[in-house]
Structure formats: structure tokens, C-alpha cells
Amino acid sequence: MNKEIVHIMNDISSWLRYQKQLGVEIIPKGPELSAFLDHRVKNKMSLQGLTSTQEYRDEIPAPTDLDGLRKMVENCNRCELHKKRQNIVFGEGPENAKLVLVGEAPGREEDMQGLPFVGPSGELLTDMLNAVNISRKDVFITSVIKCRPPHNRTPGHEEIAACSSFLRHQLRLIDPPLILALGLVAAQTLLKEKAPLKSLRGRFHQLGNARVMPIYHPAYLLRSQGSRQLDLKRVAWQDLQILEKEYAKYR
Ligand code: SF4
């Protein structure tokens, strides 16, 4: 068999495994998939830009870059959270970042500025990254939910279900080798797990081509008090050190 065809088949097979890990069960062979396969074979293009036709069945053609995806999120009214938002918080950072940080949802400050992690927990996050020699400007920071839940409550299952396909699409476009899941909602959503954070943290979990490290959310660290806070910070520090070693491979 021709070498190029073998490469294409391997690419498609690995892409399908990635989609399965992301929770996509069915990919109908519609015009979009046919066009992609034709284009892939003719031009040897990367598979990373393809979006699942299942997730975006109402929004074809799916965006092929972050700017297009941001515009889609700006116009989103898939859930009730769009009604009270000041701004969507799409995320920020380089499109080719080697590390993506995923938080839970915007808070008050983030909603006002349209930027992720700009309040006190953002300051702590920046300090945590600096402590392991990772510059905030080199990483992409986003969250599971793009609009602020009222009173900073935990997002509901329906809101997560409505919004998390945007996150998955961001990850497909950026294609980072490493993901830091900040807090329980991010970890459980990405990994499709129900386990508590204390049993998920401390190690990497494979998600397609990427590896995910769950860690306590900076806001949770700030809310905790006394010896509990010290314990959590110590554990977070251990996790960050594991991340630092892996991240050094991609500098
Ligand atoms: S939270 Fe997500 S799904 Fe809900 S309106 Fe905002 S962008 Fe759309």
C-alpha cells in the first residue's frame, strides 16, 4: 500500500480515537465529512481543524480558527446565562500554546472585563505559574462555561452540556500536549469523571493527544482557611511541580 495512504489512514484512525475520548459517538457522513476527506487526501492537510458534525450539527460550517469560534460564542444563547452576561469570557493566550488552563466559569471581574482569571484568584493563578517558571503569557487560559453564572454559583449540568462543546472545539484548534484542569468542574467535564478532585489530582490523565493534570482551583485555595488551606496549597504545589517537569519538554 502506498506510504501516503497509510499515513492518512493512521491520521484518520487517531483522529477517530480522539473524537471517541471527547465523547463523540456518531459522525454522520454528510457533505462536511466528505469534503474533509477529499481535501485531506488531496492536500495532506492536518486533521486537527475538523469539527465533529454531531456537536455542531446546527452550526455548520464549524469555525476553523479561534476568532471564528469566538464570534460564535459571542452570539450564543444556548443557555439562560446569556441573559445577564456583560461579556462572554472566551479565553486568551497564544493559539499554539503548549499548555491550556481550564477553569470553571467567569466571576464578577471576569464578566466585567471579558477576560479570564482577572480577580484575586487570577492573581494567585499567576503567582502559582510563576512559582514553577511558567509565564502566563505563554499559556492559553479559558473555562468550561463562557458566561457568568449568577452569584458565581456552580454551573448546572445543562449549562455545562450546552457550553462544553465550545471548550472541546477550542482544544481541538489549539491541540495542546498539556492541559491543567483547575477545579472539580473542569476536571470532571474534561475527563468525563464523577470522582472527587482528591482522587483525580496528582497525575496526568490521557485525553486524546493531550494529557490532563487536575489541580485545586485557586478560588478554592483562597476560600479555605487555616491548616486546611496550608494542606491544599502544599498539595497544589506538588501537582505544579509534576506539571513543570512535563512542560519543560515543550519549551
Ligand atoms: S454559557 Fe456558554 S452555552 Fe450558555 S449562553 Fe454562554 S456561551 Fe452560550
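Residues numbered from 1 in each chain as written. Predicted model: local features only at pLDDT ≥ 70, side-chain atom pairs only at ≥ 80, totals over all residues.

Novice: Which parts of the structure should I look at to understand the overall build of the protein chain?
Specialist: Looking only at helices and strands, one finds ten helices and five strands in the protein chain. Among the 251 residues that make up the protein chain, the fraction classed as buried is 35%. Residue pairs in contact within the protein chain that sit at least 24 positions apart in sequence constitute 72% of those at least 6 positions apart. (Helix = DSSP H or I, 4+ residues; strand = E, 2+ residues; numbered from the N terminus. Buried ≥ 20, exposed ≤ 12 C-beta atoms within 10 Å, placed from the backbone. Contact = placed C-beta atoms within 7 Å.)

Novice: Would you explain the site of the ligand in this entry?
Specialist: Close to the ligand lie 14 residues; Cys76, Cys79, His82, Cys147 and Cys163 are nearest. Looking at the shell around the ligand element by element, the count peaks at three residues for helix H6 (residues 157-174). Tallied by class, residues from the shell around the ligand come to nine nonpolar, two polar and three charged. (Near = placed C-beta within 6 Å. Nonpolar A, V, L, I, M, F, W, Y, C, P; charged D, E, K, R; others polar.)

Novice: What is the right way to look at the nonpolar core in this model?
Specialist: Residues Val100, Val102, Ile179, Leu180 and Ala181 are the most contacted members of the largest nonpolar core, which totals 52 residues. Considering every element that reaches this core, the biggest residue donor is H6, with seven residues. Residue contacts for Val100: discarding those within four places in its chain leaves Val139, Phe140, Thr142, Leu171, Ile174, Pro176 and Ile179. (Core = buried A, V, L, I, M, F, W, Y, C linked by C-beta atoms within 7 Å.)

Novice: Would you mind going over helix H7 (residues 184-191) with me for this structure?
Specialist: Two residues of an α-helix separated by three or four positions point the same way, owing to the 3.6 residues in each turn. In terms of burial, H7 is a largely internal element, six of the eight residues being buried. For H7, the set of buried residues is Leu184, Val185, Ala186, Ala187, Thr189 and Leu190. Of the surrounding secondary structure, the elements contacted by the buried residues of H7 are strand E1 (99-103), H6, strand E3 (178-182), helix H8 (197-200), strand E4 (205-207) and strand E5 (210-215). Lys192 sits one or two residues past H7 and shows a positive phi near 50°.

Novice: Please clarify how the sheet that holds E3 should be interpreted in this entry.
Specialist: Strand pairs in the sheet, formed through backbone hydrogen bonds, run parallel or antiparallel to each other. Spatially, E2-E1-E3-E5-E4 is the arrangement adopted by the five strands of the open sheet, whose pairing is mixed. Every interior strand has two partners, whereas the edge strands, strand E2 (140-143) and E4, have only one. When the angles between neighbouring strand axes are averaged without regard to direction, this sheet yields 30°. Packing against the sheet, H7 makes contact with E1, E3, E4 and E5, and its axis sits at approximately 130° to E3. (Pairing = 2+ DSSP bridges. Axes fitted to C-alpha atoms, helices over the stretch in contact; angles between N-to-C directions.)

Novice: For this particular structure, what's the right way to read unusual backbone geometry?
Specialist: Peptide bonds are, in most cases, trans, and in most cases residues other than glycine have a negative phi. Of note, Asn133 is a non-glycine position whose phi angle comes to about 60°, a positive value. Owing to 10 C-beta atoms within 10 Å, Asn133 belongs among the exposed residues under this scheme. Its identity is not glycine, yet Asp175 carries a phi of approximately 55°, on the positive side. Along the chain, the position of Asp175 falls in the loop between H6 and E3.

Novice: Can you walk me through the pairing of E1 in this structure?
Specialist: Every regular strand shows the same layout, with side chains that alternate between the two sheet faces. Among the five residues that make up E1, five are buried, leaving the element largely enclosed by the rest of the structure. Here E1 shows two buried faces, one formed by Leu99, Leu101 and Gly103 and the other by Val100 and Val102. The pairing of E1 with E3 spans four bridges and is parallel. Following the sheet pairing, Leu101 is matched in E3 by Leu180. In terms of strand pairing, E1 meets E2 through four bridges, oriented parallel. Looking across to E2, one finds that Val102 is bridged to Thr142.

Novice: Whenever I open this one, the environment of Glu92 confuses me. Can you help?
Specialist: Mapped onto the elements of the fold, Glu92 is located in the loop between helix H3 (66-74) and E1. In sequence terms Glu92 and Leu115 are 23 residues apart; their C-alpha atoms lie 7.2 Å from each other. Those residues in contact with Glu92 that sit more than four places away from it in its chain are Leu115, Pro116 and Ile141.

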